[in-house]
Amino acid sequence: MTGRPLCLIGLLLMVVIAGIRLWDTDLDDKIYTGEQKRLTAQVDSIQGQGEKRVLILRDVTQNGEVFCEKIRVDVRPQNCDFEEIRIGNLVSIEGRIYSFSRPGNPGQYDEYRENRDAGISYRFTADHIEIKQRSCHYFKQTMAQIRSAYFEQFARCLPEEEAGVISAMVLGEKSGLSKDIKKVYQDAGVSHILAISGLHISLIGAGLFYFLRRFLMPMKAAALISAAILLMYGELVGFPVATQRAIVMMLCVLGARFLGKHYDLYCSLALSAIIQLGLHPMELFHAGFLMSYGTVLGIHQMVRPLQEEAAHPISQSVLGCVGIQLITLPMSVWFYYEWNPYSFIANLLILPLMCVMIGMSFLGGTISFFLPVFGKFLFGIVHLILEWERWVCSCIHGFPGADFIVGCPMPIQIVLYYIILEVVIAAARMRPDFFREKKERFWCIQTAAVLFGMIILFFRMPVSGIQITNLDVGQGDGACVQTQNAAILIDGGSSDVERVGEYRISRYLKYQGVKKLDSVFVTHSDSDHLSGIREIIEDPEHFGLQIGRVVLPGVDKTDEAYNDFVDCCLEHGVPVEYMIRGQKIRIGDIECECLHPDSQYDWKTENDYSLILLLSFGKFRGLFTGDLEQTGEREIKTEPVDYLKIPHHGSKGSSTEEFLNMLSPAVSVISAGKNNRYGHPAKETVERLNQIQTRIFCTIDCGAVTIRTDGDGVLSVRTYKT
């Protein structure tokens, strides 16, 4: 470290940034929910292509006063002619402003933090945009136009999905990627190839330098021109994390050749990190930064010593892919909560062809400007490689255990894993005499040590007692109940959050390491109680979650939505059972008793036939009430409970005095969405709850609400937001 001061500076910078993050209050000056604004700002960049283009504006002012640093502007095509707008233009925009949403559940994507770390304060929906000054940043604008031109050439020469993949790999432009194609690569554990990586930069930089020096010019001139082209390419693709790291490191290589000095990988890596964190400090906590820098460091620190033990090139390649996967494993499960153990096979079969595909894509895109027929011929090679990639990914995803849900590990587990991995690598370097003639035994011990580290990383403490989490699903309902040997879901839907199953429910379940739901109880057929469950049932391969059975209220009189949901379950092979008053189901240590409805209950609205579940665990009693209203509440007869999920999101027409006095819950939870059009929870309901002196928690303010008890003691309540 003393011989590499840049490494020490980089480490100290990371410590300082981590300290700042700990003290960061993480609060906006003001929360915006669609207020009308007229702002003036300068165009910083134009992102996306076609109808998915957005503007990033900087130096935002309102009435001549500073408003914020940056905003993201979504512009409807009919309100803006992008051909007229140039990077550097001063524009006036009029429309509605919104704060970025913050996560309400463990494991949920943090849109607010992601944009805040990038310096973007708000998002803006523009109804009108006017160019005030036509000043232009010509270099950035030229790069943006070249980027668009290549994007259009890819779209002309390749099928839509394949053009989206090539645009992502070569231009860093992901607006053309379909959800289905993302899923194919993600399921195989190779989604990293859909982004500009250090491999791209190495191929471009090293290949260009070699060609120029070998055939056209002296070494110093070749180094200067290669460096200039690399910087231009970085601007072309927008300098994502891995690209910036690789370009800085490649510039260090070229600089060392130019000056005749020794190249030090660790110093160049540290210099790249210092530059990146100096510009964007909070990148330190993002997956892209950690995966990119961690992979490079791990390859040189850990993988290469292992490869030295293998003489055959194929063995070295296999060890390299396995080693990289072992290095990035903790980061993968920390950010994504799942792992494909076969992804090293996909990497082994796909990565060697990347250099051919990237080269053919660049060459084909360039030639097609002048000779479209020959360009399409080159893209034929690209098409064949993409078909091979898709076939490999499909096969890998079909292997047993490919969707291995791990859950989010604790930091101490990650530290212990890396300590064990470093010990294994250190042993490989030392090559003890005892193992010189017994390499097989040495490899067995090393493998056993790595497996032990993986066991530590994947280990999850079993739930102690019972844990009930009312998820923040917006205007809807969803509760996950876990014990040491069981996991169930009671409702799961939303009327104001799109794809709530993918972005909230399944993310929470994976964060918790839940691989199977023993039972899913659906209280009634309203979409705000089952839309997310339906998502998971209809696409089990994507979510990777198993559902043991779905339980519905066993009423004879049903509605169309009820019947449609039953058909959906049966079509996808999910067993359906029914419960009526008096029936009980035992799931592990949990007893579920149905208090309502009867099979012949003559309901007037779907809410009235809501399945009312009494959960018992030891002495603990919890009541789940769906959207029960006053008519249904009169049907309920039971003893006081410890926990109550308030009926119908706390509406005025539910939770009568008689009902609440009968139950007398210690803890009451209301599930509702912020600024919902129904006014839930009603102030009258909150007043009635206050009268019985229950502790009230609402997902609007608290986010996910988690109740824990050992079944024989005091309830503990933890909220995600507050």
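Quick look at the structure, then. Remember, predicted model here, so these are calculated numbers, not experimental data.

Quick notes on the rules
Residues numbered from 1 in each chain as written. Predicted model: local features only at pLDDT ≥ 70, side-chain atom pairs only at ≥ 80, totals over all residues. Heavy atoms only, no water. Helix = DSSP H or I, 4+ residues; strand = E, 2+ residues; numbered from the N terminus. Expected span 1.5 Å × (residues − 1). Buried < 20%, exposed > 50% of the residue type's maximum accessible area, 1.4 Å probe, protein only. Pairing = 2+ DSSP bridges. Axes fitted to C-alpha atoms, helices over the stretch in contact; angles between N-to-C directions. Parallel < 35°, antiparallel > 145°, perpendicular 65-115°, else oblique. Contact = heavy atoms within 4.5 Å. 1 Å grid on protein atoms, 1.4 Å probe; cavity = no way out; pocket = protein on both sides within 12 Å on 5 of 7 lines; lining within 4 Å. Points joined across faces, edges and corners; volume = space filled by probe spheres on them. Nonpolar A, V, L, I, M, F, W, Y, C, P; charged D, E, K, R; others polar. Lys, Arg positive; Asp, Glu negative; His and termini not counted. Salt bridge = Lys/Arg side-chain N within 4 Å of Asp/Glu carboxyl O. Polar contact = N/O pair within 3.5 Å; in protein donor to acceptor, adjacent residues only side chain to side chain. Patch = residues over 30% accessible without salt bridge, like charges linked within 9 Å, V, L, I, M, F, W, Y side chains within 5 Å. Areas by Shrake-Rupley, 256 points an atom, 1.4 Å probe, with all protein chains shown as cover. Phe/Tyr/Trp six-rings, centres within 6.5 Å; stacked < 30°, edge-to-face > 60°. Lys NZ or Arg CZ within 6 Å of the ring centre and 35° of its normal.

With 14 residues, helix α13 (residues 354-367) ought to run about 20 Å at 1.5 Å a step, and its terminal C-alpha atoms sit 20 Å apart, in line with that. If you check which residues of α13 are buried, you get Met354, Met357, Ile358, Met360, Ser361, Phe362, Gly364, Gly365 and Ile367.

A few words on the sheet that holds strand β22 (residues 695-698). The strand order across the open sheet built from seven strands is β16-β17-β18-β19-β20-β21-β22, with neighbouring strands paired in mixed fashion. With partners counted over all chains shown, the strands left at the sheet margins are β16 (584-587) and β22, one partner each. Between one strand axis and the next, the sheet turns through 20 degrees on average, direction left out of account. Pairing between strand β19 (residues 620-624) and strand β20 (residues 643-645): three bridges, direction parallel. Bridge assignment links Leu623 to a residue of β20, and that residue is Leu644.

Relative to each other, helix α4 (residues 160-171) and α13 sit at 95 degrees, their axes nearing to 10 Å. One finds that α4 runs roughly perpendicular with respect to α13. Across from Ile166, Met169 and Val170 in α4, the residues of α13 making contact are Met354, Met357, Ser361 and Phe362.

Turning next to the layout of surface pockets. Approximately 790 Å³ is the volume found for the second largest pocket. For the second largest pocket, the lining is made up of 31 residues, of which Arg460, Met461, Val463, Gln482 and Gln512 are closest to its centre. Breaking the lining of the second largest pocket down by element, the ones donating at least two residues are β7 (404-405), α17 (439-458), β9 (476-483) and β10 (486-494). In terms of residue class, the lining of the second largest pocket is built from 17 nonpolar, nine polar and five charged.

With respect to the element layout, Arg688 can be found in helix α24 (residues 683-691). Despite its burial, Arg688 remains without a salt bridge, the nearest opposite charge being carried by Glu657 at 6.0 Å. In terms of polar contacts, Arg688 uses its side chain to reach the backbone carbonyl oxygen of Ser654, at 2.8 Å. When sequence neighbours within four positions are dropped, the list of residues in contact with Arg688 reads Ser651, Lys652, Ser654, Ser655, Thr656, Glu657 and Leu660.

On to a nonpolar patch on the surface. Together, Met410, Ile412, Val415, Leu416, Ile419, Val423, Phe459 and Met461 make up a nonpolar patch on the protein surface, roughly 770 Å² of accessible area in all. Looking at where Met461 falls in the secondary structure, it is placed in the loop between α17 and β8 (466-470). You can call Met461 exposed: its relative accessible area is 60%.

Quick look at the pattern of salt bridges now. Enumeration according to the criterion identifies 29 salt bridges in this entry. Note that Glu94 and Arg38 form a salt bridge whose closest N and O atoms lie 2.8 Å from each other. One end of the pair, Glu94, is in strand β4 (residues 90-99); the other, Arg38, is in strand β1 (residues 33-47), with 56 residues separating them in the sequence. We classify Glu94 as partly exposed; its relative accessible area is 30%.

All right, on to the environment of Cys252 then. Inspection of the secondary structure assignment puts Cys252 in helix α8 (residues 241-259). When the C-alpha positions of Cys252 and Asn470 are compared, they lie 52 Å apart, and in sequence the two are 218 residues distant. The contacts of Cys252, once residues within four sequence positions are left out, are Tyr263, Ser268 and Leu271.

The next thing to look at is the packing of aromatic side chains. Geometry of an aromatic ring pair is reported as the spacing of the ring centres plus the angle between the planes. Applying the stated rule across the entire model yields 22 aromatic pairs. Between Tyr32 and Phe67, the ring centres sit 5.9 Å apart and the planes meet at 40 degrees, which makes this aromatic pair tilted. Of the two residues, Tyr32 is situated in the loop between α1 (5-23) and β1 and Phe67 in strand β3 (residues 65-75); the sequence distance between them amounts to 35 residues. Ring plane angle 45 degrees and centroid distance 5.9 Å describe the contact between Phe67 and Tyr122, whose orientation is recorded as tilted. With Phe67 in strand β3 and Tyr122 in strand β5 (residues 120-133), this residue pair connects regions lying 55 residues apart in the sequence. Exposure remark for Tyr122: the relative accessible area of 7% places this residue in the buried category. Three or more aromatic residues joined by ring pairs form one cluster here, namely Tyr150, Phe154, Tyr233, Phe362, Phe369 and Phe379. The ring centre of Phe258 lies 5.3 Å from the NZ or CZ of Lys220, which sits over that ring. The ring of Trp603 has Lys557 lying over it, and the distance from NZ or CZ to the ring centre is 4.5 Å.

So, about the sheet that holds β3. The five strands are arranged β1-β2-β3-β5-β4 in a closed barrel whose pairing can be described as mixed. Put simply, the sheet's adjacent strands are angled 50 degrees from each other on average, direction ignored.

This next bit is on empty space enclosed by the protein. Under the definition given, this model contains three cavities of 30 Å³ or more. Each pocket or cavity is described by its volume, and for the largest cavity that value is around 60 Å³. Together, Asn470, Asp477, Gly478, Ala479, Ile490, Asp491, Thr523, Phe624, Thr625, Gly626 and Lys645 line the largest cavity. For the lining of the largest cavity, the secondary-structure elements that each account for two or more residues are β9 and β10. Reported here for the second largest cavity is a volume of approximately 40 Å³. Considering the residues around the second largest cavity, the lining is formed by Pro106, Gln467, Thr469, Tyr508, Gln512, Thr706, Arg708 and Arg718. Broken down by secondary-structure element, the contributors of at least two residues to the lining of the second largest cavity are β8 and β23 (705-709).

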